Amino acid sequence: MSKRWRKKEDVGVSEGDEPPKKSLKAENDSDDSNQIVVCDLSKNRKVLVRTWMGKIVVDIREYYYKDGKECPGKKGISLTMDQWNALKDHVDDIDEALSEDA
């Protein structure tokens, strides 16, 4: 047998050497208490203010339902306070650009 393709027995990996399985997060460990729903932009899009990794972020995200529970999707953006303030400072410029294109 080639060196590239070996059986488990050949490389000395026993059944006891398998990595531990990851545990699922308990439902009561949810950090829902650290988020405030600011507004619903549409049926599946929301704006939230929440804490993530110890920092306050503005989260604009799509949500979906799985097993009767609302879950955040991959499509979205979390803005730090600096990014949020930069966006707020340019709202007039954005409105002006939108009115020119309309």
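This write-up is about the structure you can find in this document. (Residues numbered from 1 in each chain as written. Predicted model: local features only at pLDDT ≥ 70, side-chain atom pairs only at ≥ 80, totals over all residues. Heavy atoms only, no water.)

### Comments concerning the overall build of the protein
Thinking step 1. In terms of regular secondary structure, the protein is built from three helices and four strands.
Thinking step 2. Going residue by residue from the N terminus, the α and β elements of the protein occur as α-β-β-β-β-α-α.
Thinking step 3. Across the 102 residues that make up the protein, the buried fraction comes to 12%.
Thinking step 4. When the accessible surface of the protein is totalled, it reaches about 9,300 Å², and 52% of it is carbon and sulfur. (Helix = DSSP H or I, 4+ residues; strand = E, 2+ residues; numbered from the N terminus. Buried < 20%, exposed > 50% of the residue type's maximum accessible area, 1.4 Å probe, protein only. Areas by Shrake-Rupley, 256 points an atom, 1.4 Å probe, with all protein chains shown as cover.)

### With respect to the sheet that holds strand β3 (residues 55-66)
Strands pair in a sheet through their backbones, by hydrogen bonds, and they do so in one of two ways: parallel or antiparallel.
Thinking step 1. Taken in spatial order, the four strands line up as β1-β2-β3-β4 in an open sheet, and their pairing is antiparallel. Each edge of the open sheet is held by one strand with a lone partner, namely β1 (35-40) and β4 (69-80). Put simply, the sheet's adjacent strands are angled 30 degrees from each other on average, direction ignored.
Thinking step 2. Against the sheet, helix α2 (residues 81-89) engages β3 and β4, with an angle of about 75 degrees to β4. (Pairing = 2+ DSSP bridges. Axes fitted to C-alpha atoms, helices over the stretch in contact; angles between N-to-C directions. Contact = heavy atoms within 4.5 Å.)

### Details of the pairing of β3
Thinking step 1. One ladder, built from eight bridges, connects strand β2 (residues 45-52) with β3; its direction is antiparallel. Each residue of the ladder has a partner; that of Arg 50, found in β3, is Val 57.
Thinking step 2. Hairpin connection from β2 to β3: two residues lie between these consecutive antiparallel strands, with Met 53 at a positive phi of about 55 degrees.
Thinking step 3. Relative to β4, β3 is paired through nine bridges, and the arrangement is antiparallel. Considered in β4, the bridge of Val 57 is made with Thr 80.
Thinking step 4. Between β3 and β4, which pair antiparallel in sequence order, lie two residues; one of them, Asp 67, sits at a positive phi of approximately 55 degrees.

### Overview of a nonpolar patch on the surface
Thinking step 1. Together, Leu 87, Ile 94 and Leu 98 give the surface a local cluster of nonpolar side chains, amounting to about 250 Å² of exposed area.
Thinking step 2. Residue position: Ile 94 is located in helix α3 (residues 91-101).
Thinking step 3. Its relative accessible area of 38% is what places Ile 94 among the partly exposed residues. (Patch = residues over 30% accessible without salt bridge, like charges linked within 9 Å, V, L, I, M, F, W, Y side chains within 5 Å. Salt bridge = Lys/Arg side-chain N within 4 Å of Asp/Glu carboxyl O.)

### Examining a negative patch on the surface
Thinking step 1. Taken together, the side chains of Asp 92, Asp 93, Asp 95, Glu 96, Glu 100 and Asp 101 present a region of like negative charge at the surface.
Thinking step 2. Tracing the backbone through its elements, the reader meets Glu 96 in helix α3. (Lys, Arg positive; Asp, Glu negative; His and termini not counted. Charge placed at Lys NZ, Arg CZ, Asp CG, Glu CD.)

As far as function goes, none of this settles anything; it's purely spatial.
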